[in-house]
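Working through the structure, step by step
The chain contents come next:
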There are 2 protein chains.
Amino acid sequence: MDDLAFETALNELRADRVLGASELARRCLDLLARSAQSVPANEGSELLGELTRRCDCLIAARPSMAPIQNLLAAWRSSLARLDRFSLPELRSVAADKARDGIRQSKQAMVKVVENSVEYIGSDKTIITHSLSSTVLAVFEKLKDRNTRVIVTESRPLNEGYILARQLSDWDISAQLITDAQLGLFAARADLVLLGADSLLPDGSLINKSGSYLLALAAHDCGVPLYVCCESFKRRKEVMGELELEEMEASELGTSSLPGVRVRNIYFDITPAGLIDRWIDEAGVHATGILSEETHRMPGQ
Amino acid sequence: MDDLAFETALNELRADRVLGASELARRCLDLLARSAQSVPANEGSELLGELTRRCDCLIAARPSMAPIQNLLAAWRSSLARLDRFSLPELRSVAADKARDGIRQSKQAMVKVVENSVEYIGSDKTIITHSLSSTVLAVFEKLKDRNTRVIVTESRPLNEGYILARQLSDWDISAQLITDAQLGLFAARADLVLLGADSLLPDGSLINKSGSYLLALAAHDCGVPLYVCCESFKRRKEVMGELELEEMEASELGTSSLPGVRVRNIYFDITPAGLIDRWIDEAGVHATGILSEETHRMPGQ
């Protein structure tokens, strides 16, 4: 993987609007594994310098994506303990450690899905917002367990339609609503299930705009809200003011009007106080602050 | 206005999805005024019988529209006191009373707008949802008073675009957002201003779906919510379970999927506890229950 190929991959990473943060983190680790094996270097320190540089470039490309920050930082710090190896050994070990990160990320997601399915159980009506790959995997596991799903359009890009189509393919009974009907339908669900773009240190959820509205409505109606995501999605700290990404106004598909600014902020923040359970690979937590966590699995 | 013309008008009333409830009520009164003058009748009691029948048909056509119920019921009960008149006098008086109702309705709206403008004042950022003719009239009066407006798309029919276009024509600075961004933008406004489809006896608001979400977000952020509408929009009572009209699923513009039911409920209910001020033609009220009302105008 030469410099040009790496730069191309880096630009793709910056521009991506389709893949989830965890999937992108795994792609970054794959780039680093391939870099470890193929970057030109005459000695170990040269290789480590270039791998560290590439890792930092990837981290800087999507600063708000916690899995990229967390998984790549862990890999980067593992490099520091490798200076006793020969160059060929170093290539192999650094690549293996990157692949370990990919494996850990995948295993964490599998466990999150297992824990969510076990905790939610059968015969439930679940309302969700936007399209989360983790929530989708939970629905797949629940498809033969008398599950009904309420899905939002999720403007502006309507990824809720993609979710509705998948549920239809799995023969899961679904209702598709406009985002504006979230208040009406929250009361008709047994629970809210949301994935996460990321979690803040206090357990607050950053997720697709509209998640906060659903959380407010669920709270007002007494319907519990569960967030399911791997612990890699936790931001350890937020530097300065939290920035919520704003995308192209053109996604709304409206013609421009003088004096009218079309806004398209992708994420909103759901305060931890509106969330009832945090489900990660370790279990089900009644608090969003990990240092004070209580693991609560059914039957325990 | 013969029976056929009346039936045609009645069907138009049933099918209308564009005009507000107050405007439709005034059109009903105009139909009754014209009926009073032209319905074939040999004596007063015959005329009164036919006018009462037509009035009842109009009332039954849109049972959830409070102004139609209220203004037509008032006109209908005024007919009961007219049996001492000759047939030509009766025609003239019944028609005049219908036109009085139209005038009262228009005057009430003018006063609601005046009271709202006076209470809101200059230099405000106002967030609203959907398109209310009363709220639109308030914005027109506020256009030279340094007013900024945050407008939602209001899916599925996007009437927010119509509002944004009008604001642009008036040189009022506006931001247009998806309904899903209501939670992000409620916090950026000084106040929420909503019109009403109708008000329930306890002061709860029935309005376009999404209003409840905006109210929850505003309440959570400490931003006050004002509802402005004429007292004719109050439902005196709700018989049985309250029914919220559901429109055609096709309005969402999605292709049909097996097992997926597309929902399009037009109205949601905002509990009175989320509303800070009710503005009607009599003034500004701090409670939604009219029997316990306290009038509070600025400076009082």
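Above this text sits the structure in question.
Thresholds, definitions, all that
Residues numbered from 1 in each chain as written. Chains lettered and ligands numbered in written order. Predicted model: local features only at pLDDT ≥ 70, side-chain atom pairs only at ≥ 80, totals over all residues. Heavy atoms only, no water. Helix = DSSP H or I, 4+ residues; strand = E, 2+ residues; numbered from the N terminus. Rg over C-alpha atoms; globule rule 2.2 N^0.38 Å. Contact = heavy atoms within 4.5 Å. Areas by Shrake-Rupley, 256 points an atom, 1.4 Å probe, with all protein chains shown as cover. Lys, Arg positive; Asp, Glu negative; His and termini not counted. Charge placed at Lys NZ, Arg CZ, Asp CG, Glu CD. Pairing = 2+ DSSP bridges. Axes fitted to C-alpha atoms, helices over the stretch in contact; angles between N-to-C directions. Least-squares fit on C-alpha atoms with pLDDT ≥ 70 in both. Buried < 20%, exposed > 50% of the residue type's maximum accessible area, 1.4 Å probe, protein only. Core = buried A, V, L, I, M, F, W, Y, C linked by side-chain atoms within 4.5 Å. Buried area = accessible area lost by both parts, 1.4 Å probe. Salt bridge = Lys/Arg side-chain N within 4 Å of Asp/Glu carboxyl O. Nonpolar A, V, L, I, M, F, W, Y, C, P; charged D, E, K, R; others polar.

In terms of regular secondary structure, chain A is built from nine helices and eleven strands. Scaling as 2.2 N^0.38, a compact globule of 300 residues should have a C-alpha radius of gyration of about 19 Å, and chain A matches this with 21 Å. Along the longest, intermediate and shortest principal axes, the C-alpha atoms of chain A span 65 × 60 × 40 Å. Considering only contacts within chain A whose residues lie at least 6 apart along the sequence, 71% involve residues at least 24 apart. Accessible surface for chain A amounts to roughly 12700 Å². Of this, 49% is attributable to carbon and sulfur atoms. Between the averaged position of the 34 positive side-chain charges in chain A and that of its 43 negative side-chain charges there is a distance of 2 Å.

Turning our eyes to something else, we now look at the sheet that holds strand S10 (residues 277–280) of chain A. Taken in spatial order, the eight strands line up as S11(A)-S10(A)-S7(A)-S4(A)-S1(A)-S2(A)-S3(A)-S8(B) in an open sheet, and their pairing is mixed. Each end of this open sheet is capped by a strand with a single partner; those strands are strand S11 (283–285) of chain A together with strand S8 (260–262) of chain B. If you compare each strand with its neighbour and ignore which way they point, the axes differ by 25° on average. Looking at chain direction, strand S1 (residues 125–127) of chain A and strand S2 (residues 148–152) of chain A are connected through three bridges and run parallel. Each bridged residue has a counterpart across the sheet, and for Ile 126 of chain A the counterpart in S2 of chain A is Val 149 of chain A. In the packing of helix H7 (residues 159–169) of chain A onto the sheet, the strands contacted are S2 and strand S3 (173–177) of chain A together with S8 of chain B, and the crossing angle to S2 of chain A comes to about 160°.

This paragraph deals with the relation of the copies chain B and chain A. When chain B is brought onto chain A, the operation consists of a screw motion whose angular component is 180° and whose axial shift is 0.0 Å, with 0.1 Å RMSD remaining. Both copies of the chain, as the preceding transformation shows, are related through a two-fold rotation axis. Taken together, the interface assignments show that 100% of the residues at the interface of chain B recur at the interface of chain A, consistent with an identical surface on both copies.

All right, on to unusual backbone geometry then. Residues and elements named next belong to chain A. The omega torsion of the bond from Arg 155 to Pro 156 falls at 5°, within 30 degrees of zero and hence cis. Within the element layout of this structure, Pro 156 appears in the loop between S2 and H7. For Ser 154, which is not a glycine, the phi torsion comes out positive at approximately 65°. By the secondary structure assignment, Ser 154 is in the loop between S2 and H7. With a phi angle near 60°, Asn 158 is a residue other than glycine that sits in the positive phi range. Residue classification places Asn 158 among the buried residues on the basis of a relative accessible area of 18%.

Turning our attention to the sheet that holds strand S2 (residues 148–152) of chain B. Reading across the sheet, the eight strands line up as S8(A)-S3(B)-S2(B)-S1(B)-S4(B)-S7(B)-S10(B)-S11(B) and stay open at both edges, with mixed pairing between neighbours. Since the sheet does not close on itself, it has two edges, and those belong to strand S8 (260–262) of chain A together with strand S11 (283–285) of chain B, each with one partner. Between one strand and the next, the sheet's axes are offset by a mean angle of 25°, whatever the strand orientation. Judged from the three bridges that link them, strand S4 (residues 191–194) of chain B and strand S7 (residues 225–228) of chain B form a sheet pairing that is parallel. When the bridges of S7 of chain B are listed, Leu 193 of chain B appears paired with Tyr 226 of chain B. Of the strands in this sheet, strand S1 (125–127), S4, S7, strand S10 (277–280) and S11 of chain B touch helix H5 (residues 87–120) of chain B, which is tilted by about 140° from S10 of chain B. Along the sheet, helix H7 (residues 159–169) of chain B makes contact with S8 of chain A together with S2 and strand S3 (173–177) of chain B, crossing S2 of chain B at roughly 160°.

In this section: the nonpolar core. Membership of the largest hydrophobic core comes to 58 residues, with the highest contact counts inside it found for Ile 127 and Val 192 of chain A together with Ile 127 and Val 192 of chain B. Those elements that place two or more of their residues in this core are helix H8 (182–186), strand S4 (191–194), helix H9 (211–221) and strand S7 (225–228) of chain A together with helix H8 (182–186), S4, helix H9 (211–221) and S7 of chain B. Those residues in contact with Ile 127 of chain A that lie beyond four places of it in its chain are Ile 150, Leu 182, Phe 185, Ala 186, Ala 189, Leu 191, Val 192, Leu 193 and Leu 214 of chain A. By size, the runner-up hydrophobic cluster in this structure holds 38 residues, among which are Leu 13, Ala 33, Ala 61 and Leu 90 of chain A.

A word on the interface of chain B and chain A. Contacts between the two partners involve 44 residues from chain B, matched on the other side by 44 residues from chain A. Approximately 3600 Å² of surface area, both sides summed, lies buried where chain B meets chain A, with 60% of it carried by carbon and sulfur atoms. A salt bridge links Arg 155 of chain B to Glu 153 of chain A; its shortest N-O distance comes to 2.2 Å. Among the elements of the structure, H7, S3, H8, H9, S8 and strand S9 (267–270) of chain B are those that each provide at least two residues to the side of chain B that touches chain A. Here the side of chain B that touches chain A gets six residues from one element, more than from any other, and that element is H9 of chain B. Residues of the side of chain B that touches chain A, tallied by class, amount to 24 nonpolar, eleven polar and nine charged. Across three bridges, the pairing between S3 of chain A and S8 of chain B is parallel. For Gln 175 of chain A, the partnering residue across the bridge sits in S8 of chain B and is Arg 261 of chain B.

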